[in-house]
Structure formats: C-alpha cells, structure tokens
Amino acid sequence: MKNVTSRRQMLSASACGFGSLALADLMTRQAQAATPSSSLAQPATHHLPRARRVIFLFMHGGPSHVDTFDYKPRLQADDGKDLPYDLPTAAIDAKLKLLGSPWKFKQHGQSGLWCSELMPHTARHLDEMCIIKSLHSRGQSHGQAVSMLNTGSDNLVRPSVGSWLSYGLGTENEDLPSFVALAPSTGHGGPRNYGTAFLPAIHQATAIGSNGKLGDAQVKYLNRGDLPPAEQNRQMDLLQTLNRRHLDRAGQDQQIEGAIEAYELAFRMQQAAPQVLSLDEEPQHILDLYGVGQEPTDNFGRSCLLARRLAEAGVRFIQVSTGNVWDQHSNLKSGHEKNSLKTDQPVAGLIQDLKQRGMLEDTLIVWGGEFGRTPVVQGANGRDHNPQGFTMWMAGGGVKGGTSYGETDEFGYYSQQDRVHMHDLHATILHLMGLDHQRLTYRYAGRDFRLTDVAGRVVTELFA
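As the structure is a computational prediction, the values presented were derived from the model and not from experiment.

Attention now goes to the pairing of strand 5 (residues 179-182). In strand 5, alternate side chains face the same way, and those of Phe 179 and Ala 181 on one face and Val 180 and Leu 182 on the other are all buried. The pairing of strand 5 with strand 6 (residues 206-208) spans 3 bridges and is classified as parallel. Bridged to Leu 182 within strand 6 is Ile 208.

In this section: the pattern of salt bridges. One pass over the full model with this rule turns up 25 salt bridges. Notably, a salt bridge pairs Glu 128 with Lys 355, separated by 2.5 Å at the nearest N-O pair. You can see Glu 128 sitting in the loop between helix 4 (120-123) and strand 4 (129-136) and its partner Lys 355 sitting in helix 11 (residues 332-356), a full 227 residues away along the chain. Among the residues examined, Lys 355 registers a relative accessible area of 49% and is labelled partly exposed. Close ionic contact of Asp 448 with Arg 443 constitutes a salt bridge, the shortest N to O distance being 3.2 Å. Under the relative-accessibility criterion, Asp 448 is labelled partly exposed at 38%.

The next point concerns the nonpolar core. Ranked by size, the top nonpolar core spans 56 residues in total, and within it Leu 57, Leu 182 and Trp 393 carry the most contacts. Counting residues per element, this core draws most heavily on helix 10 (residues 298-312), at 7 residues. Counting the residues that make up this core, at least three belong to each of domain 1 (56-217 + 287-462) and domain 2 (223-278). Those residues in contact with Leu 182 that lie beyond four places of it in its chain are Ile 208, Leu 214, Ser 303, Leu 306, Ala 307, Leu 310, Ile 318, Gln 319, Val 320 and Ser 321. Val 161, Tyr 194, Met 392 and Val 420 belong to the second-largest nonpolar core, a separate cluster that totals 44 residues.

Here we come to unusual backbone geometry. The omega torsion across Glu 295 and Pro 296 is 10°, close enough to zero to call that bond cis. A positive phi angle is found at Ala 183, which is not glycine, with a value near 55°. Locating Ala 183 in the fold gives a position in the loop between strand 5 and strand 6. Note on Ala 183: relative accessible area 0%, which makes it buried. Backbone geometry places His 188, a non-glycine residue, at a positive phi of 55°.

Another aspect to go through is the environment of Ser 334. Structurally, Ser 334 is set in helix 11. Within the structure, Ser 334 has its side chain in polar contact with the backbone oxygen of Asn 331 (distance 3.4 Å).

About the thresholds
- Residues numbered from 1 in each chain as written.
- Predicted model: local features only at pLDDT ≥ 70, side-chain atom pairs only at ≥ 80, totals over all residues.
- Heavy atoms only, no water.
- Buried < 20%, exposed > 50% of the residue type's maximum accessible area, 1.4 Å probe, protein only.
- Helix = DSSP H or I, 4+ residues; strand = E, 2+ residues; numbered from the N terminus.
- Pairing = 2+ DSSP bridges.
- Salt bridge = Lys/Arg side-chain N within 4 Å of Asp/Glu carboxyl O.
- Core = buried A, V, L, I, M, F, W, Y, C linked by side-chain atoms within 4.5 Å.
- Domains from an automatic or database assignment.
- Contact = heavy atoms within 4.5 Å.
- Polar contact = N/O pair within 3.5 Å; in protein donor to acceptor, adjacent residues only side chain to side chain.

Geometric descriptors of this kind do not, in isolation, establish any biological role.
Here it is as structure tokens:
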C-alpha cells in the first residue's frame, strides 16, 4: 500500500519553505527598489518637468515675513497695541504688544507686488517671482523647523530634499555630484539636513564650506597631491578591487556600495570640479553683479555665483546657506539690515544672471528660512519664531512670476487663506522637477517612505 501524504502533513512539512520563499521575495523587492538609485544614472521622470535644477537659498534663522514681503497695513496702524487674540503657544517668549515694521513698503514692477525697503535689489525682480505668503510648518524651535524644511520631518532622521531629487533624477554630469551644499550649517541637525538617511549614500550632498562661510570653495580631500596620475590610477584600481571583493562577501550592503561609488565619483571630480569651482574666468561685470570682491557681499556673492556655475555644469540641487544670522530676538532693525546688505544684491544678481543666460526658465530658485517671525514684540525690539505663518518665494522653473499666493491674517501671525504646508511645498518642488511625490518612494524597514510622508498636495496654482 502506498504512503499517501495528506494536505495537512504537506503544509506542516513545507512551512519553513514558505518562509524562505517569502524572504527571497522580500530581498528581491528591496534589491529592485534600490537598483535605480545605486548610481547617478538618469532615470525617467514621472511626467514632463518644468525645471531641470533647483537652487535653494536658505536664509537660516528665519527672516521676518512682515518686514520683507508680507505687507500688513493693520500691523503698522496698530503698532504698540495689544494683539487682539491669544498667542499660538505658551512656548513663545513674546509680549502681546504689536510691533510695526521699521521699514517702509512699496509696490514694484508691472505686477505691483509689495516689498520693503529692506530688499531694494530683490525688489527689482518681483515680476519674476511667485511669493507664497501662507506657509506653515512644524517646529517652534530651530532644530525642528530646519529639519522640517530640509527633510520633511521635524523629529526623525529622514533623507533631505536634495537627496530625494538625486535619487529620483540622477545627475546630468557624471563627473559632478547631483547635490551640492554650499556653506551648510553644522548646527540644528548639521549633516542630517543634507544627508541621505536610509537612501544610498551616493545621494548625499557634497559640502563646500560651513556655517555660511564658503572659505576657499574647494572640496576637501579631493586634491590628488603629489602622486603621478598613473600611480593614482593603480591605487584606485587596487582599492576598488578590494572594496568589490568585500561587497561580494558581504552581499547587498548600502554602505559598501556607497563607498565604492563615492570613490569613483571623487576620482572623476578631480578633473571636473576645480574648473567649475573657480571664478577666475568670470568677467568683471559678472563679479560686480554678484558683489564679489567687495564687502559685505563678497562671501554670499561667491556662493550665489558658484551656484550658477554648478547649475550650468549639470548639478541637480544646489543649496546656498547663510549662517544662523536671521534670528533677531532683539535688535531686529540692525540685525536684518546687516543680513540684507550681505545677501540682497547677490540674490538679485543670481536672478538677473540666470535670466540673461536663458537659464531662469528651467532653473527653480527657492528663497526662505525655516519659519518667519512674530508680529508681536520680543524683549524691547525683537521678534520670536513663527512657524504658524510665514513667506517664501520661488522664481523661474515653471512658476508664475509677478504673483503672490495665500495670505496670513491681518497682523501676519497665522496662515489663513490658501494655506501651504511644508509638505505641500516639497510636493510642488518635486512636481516641477518631473517627479510625483506619491510615487517617489523608497522601501525601508518594511514600508515605502517618501519625502512628503503621507501628506502633501501639489500647489498647481503657482504654475505658469
């Protein structure tokens, strides 16, 4: 008589096999998810892009929206009076007394957009700009808000915006990184704000300078030194052979893969980067346009001009940072004027230079800080943090110039009309670059992550 295996016995005996099949399928899915991002090769976009690159001008510390682009006649009229509603949180160290802006506002250009006298150079380009006056975000403190602006999370380690764009789009120039951070901060999260978190390491920014200072504008440790090229090639071949053998033994490992690709990129950058990072060939009228060679604009002017050169060379995402200088809890007038004198002309120069080169139409400029400032006074003459309502602006890259979108309340405290959350801003930036924020995902720790988490809408009203 034949031995007949019952269905119950078959399932019991093969249970471990099902686990192996499931594990194999999971590993295959993870490998497939990682494959497009394991190098800087250009994958396809989700839809037709309006922009090819992004230059993010990060005003670290939080410039005051009610003193720059968000004109509030009621705030001016009620200067010194009590705020007629409660403060948003007890954590704010401010009085209920309203503080009118010490700067006059006027309308500019054909669009008639408002700008204060604090930004006279930028004001000449308002017809190129879309001013978003209804931003709101999470994070009452700098650390939270800076992380939210740069990574979409106020408390968890997540990939930065530039890393997501690098992962989704790759680079247009294989001899340069797809993401460069100019003078990034070492505080308020530091490298986390331009890092990759769980994305492959190749998508982390190459940092040049720190804390708002560009320095010598060189990539550290890139110089080949005194070694002849042939000897360096032999060393590189040996090093990468050892790395790949290690990877073969270890199996799939993002850290090893990232190291291999970083070495290869650095090797290629030795030829391409020095020429791109040098301003020696720039004519004098362009240096003057950015304020290079004169104070107080030299440092930030160099950063903005270098951003244009990197964009021209095919870098996808360039972040230009000031130091944490816009944080005027006291001495608002002298502090903001000092910051404006350093940055206003270079920012305007960047817009004009991109426009005259025909690059503005496919280069998205984003300007802003991690939050705005309160319309009520802090101390004798300062303003506290305000993530409840603030202003950022965009120019070029397919946005509608000469327009403003959204409103804060009549004092400038709360985002009120056509509100734009930070997730919405990120979704919009990705869309302009040809990426669907809901489809740009990476599988990690058992689920698909994205820049906008489970939120975000594309603000199509900003598009030209």
